[in-house]
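Residue-level structure breakdown
The primary structure of each chain is shown beneath.
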Amino acid sequence: ALDVLMEAIEKSGHKDKVKIGTDVAASEFYDKATQKYDLDFKHPTGSPDDMKKSPDDMIAYYQGWMEKYPSLCSIEDPFDQDDWDAYTKFQAAVGDKVQIVGDDLLVTNPKRIAKALEVKACNALLLKVNQIGSITEAIEAAQMSQHAGWGVMVSHRSGETEDSFIADLVVGLRTGEIKTGAPCRSERLAKYNQLLRIEEELSAVGRCTFAGPGFRTTGSLNRGMHRKPIVGGNWKSMNTVAHTKDLLAAFKGCGPDASKADIVLFAPALHIAHSMKEVEGSAINIGIENVSKTGEGAFTGEISVNQVDDMGIKWMLVGHSERRSLYGETDEDTATKVELGLKKGLNVMFAIGEQLSERKDGTTVDVCAKQIKAVISKVTDWSKFSIAYEPVWAIGTGVVATPLQAQETHWQIRTIIADLAGEAVAKDLRILYGGSVNPKNCKELGEMPDVDGFLVGGASCKPDFTTIITTAQDLYKK
């Protein structure tokens, strides 16, 4: 059949435009008892032994297809739905050359997708809304896959009707792939006709682009840091003079580069002066963890922005959750501090974030929006303003938001800024992630395109904070 198909493509004159995909549906001919795949399972008297293949035999069989038919770009369900080991081996062997689609393997279920991501079982999802049961869960499954760099193929199902919704879904999710059968029956033609109508409408306003050979990754994340990252260390009320000197010596030795990242260590007030001397001539900045909402005067224990500026300090942190929860700092207080800092020409890092109860209630975006709206009218220089999103439930707990959770919230924060201050401001604004960031997880967090650096607590008091600095610098896409 593939030989005939290749000949037809050649004769049509579209050899360079047509690619081949196949749905093997291997679960249909897998024998769990023998753990073999029976390629002649429909034979009325039983298949010969040489037609019963082990998983390794099947991998070699598919590789033979790929060599003989270079137009083959997508293989769906090449193994049984629970043969995870075979999928992982196949993905390792050919995943960089061909799309390996999970249908029976994944059933549009985020839990099975999570396992497939963990064991590296495939690189594409067949998305069927009816498999998971709701649009919300189907979108979650698609986004999980896209964020991992997978392809997503939106599919029809058995018992299909003329409802054309999946044509809208495939465009709305930007998956670049639809599976809805040959255009030979009305329930299939309905989808293709809707795609043509969508193309006409979007083309009229210049918003329709043919994916071409890049169809697999049209909706995937463009990984890496696309705005110059900020790597902030919040030393809180920690460290001795001696330990601070040792840390700064280590940090200077890792090659901090101001062209690749802004490195800022927010130090306790007592450590600022000697820390600034230690980093003199390097790309490391020393910032202050808090400022007063007043000017100079009879305010015992307070430090004004004028005093900060007089010391030569260029960075200040405002609104950290500990200031809010332990010392009663309000949204109005943070707005005042942001205004004072920017008027003085300081770089202001503004911290926001939700409590665990708010995350569970689904009000993360509402909480962040409220905190942002309180200060946004005070921002007079967006180039000196950055946001550090810190889920309070993750600070110092060892619990970390997943990269996808961080990306989703950062994207929502950027959307809030776009609504309030315009798309241009939102595009350039640097949004950092904070909350138990460490050398082991910083790379996968930093690969999210809306994560523009980190605000790090306890891990910034350790010598291997250098790993976080160098990782951010390496991820920066100039």
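See the structure shown above.
In this report, we go over the structure that sits alongside the text. Being a predicted model, the structure only gives us computed values, none of them experimental. (Residues numbered from 1 in each chain as written. Predicted model: local features only at pLDDT ≥ 70, side-chain atom pairs only at ≥ 80, totals over all residues. Heavy atoms only, no water.)

**With respect to the pattern of salt bridges**
Scanning the model with the defined rule gives 27 salt bridges in all. Between Lys68 and Asp3 there is a salt bridge, and its shortest N-O distance comes to 3.6 Å. Here Lys68 is found in helix α2 (residues 55-68), whereas its partner Asp3 is found in helix α1 (residues 2-12), with 65 residues between them in sequence. With a closest N to O distance of 4.0 Å, Arg323 and Glu329 form a salt bridge. Taking relative accessible area as the criterion, Glu329 reaches 9% and is therefore assigned buried. Each of the salt bridges in this network shares a partner with another, and the network as a whole consists of Arg227, Arg414, Asp450 and Asp452. (Salt bridge = Lys/Arg side-chain N within 4 Å of Asp/Glu carboxyl O. Helix = DSSP H or I, 4+ residues; strand = E, 2+ residues; numbered from the N terminus. Buried < 20%, exposed > 50% of the residue type's maximum accessible area, 1.4 Å probe, protein only.)

**Regarding the packing of α2 against helix α3 (residues 84-94)**
Each packed pair of helices is defined by two parameters, the angle between the axes and the distance between the axes. Where α2 meets α3, the axes come as close as 10 Å, and the angle between the chain directions of the two elements is 30 degrees. Relative to α3, the crossing made by α2 is right-handed. Two secondary-structure elements touch here, α2 through Pro55, Asp56, Ile59, Tyr62, Gln63 and Met66 and α3 through Ala86, Lys89, Phe90, Ala93 and Val94. Looking at the contact of α2 with α3 residue by residue, the class counts come to eight nonpolar, one polar and two charged. (Axes fitted to C-alpha atoms, helices over the stretch in contact; angles between N-to-C directions. Left-handed = near helix turned anticlockwise from the far one by under 90°. Contact = heavy atoms within 4.5 Å. Nonpolar A, V, L, I, M, F, W, Y, C, P; charged D, E, K, R; others polar.)

**Re the sheet that holds strand β3 (residues 36-38)**
The strand order β2-β3-β4 describes an open sheet built from three strands, whose pairing is antiparallel. Whereas interior strands pair on both sides, the edge strands pair on one side only; in this sheet they are β2 (30-31) and β4 (52-53). Bridge count for β2 against β3 is two bridges, and the pairing is antiparallel. When the sheet's bridge partners are listed, Tyr30 is paired in β3 with Tyr37. (Pairing = 2+ DSSP bridges.)

**Focus: the layout of surface pockets**
Put simply, the largest pocket is a space of about 1800 Å³. Elements supplying a minimum of two residues to the lining of the largest pocket: α1, β1 (20-23), β5 (72-76), β6 (99-102), α7 (165-172), β9 (176-179) and α8 (186-203). Ranked by residues supplied to the lining of the largest pocket, first place goes to α8 with six residues. Computed from the structure, the second largest pocket encloses a volume of approximately 650 Å³. Listing elements by their share of the lining of the second largest pocket, those giving two or more residues are α4 (110-119), α6 (135-147) and α16 (403-421). Per element, the largest residue contribution to the lining of the second largest pocket is six residues, and it comes from α6. (1 Å grid on protein atoms, 1.4 Å probe; cavity = no way out; pocket = protein on both sides within 12 Å on 5 of 7 lines; lining within 4 Å. Points joined across faces, edges and corners; volume = space filled by probe spheres on them.)

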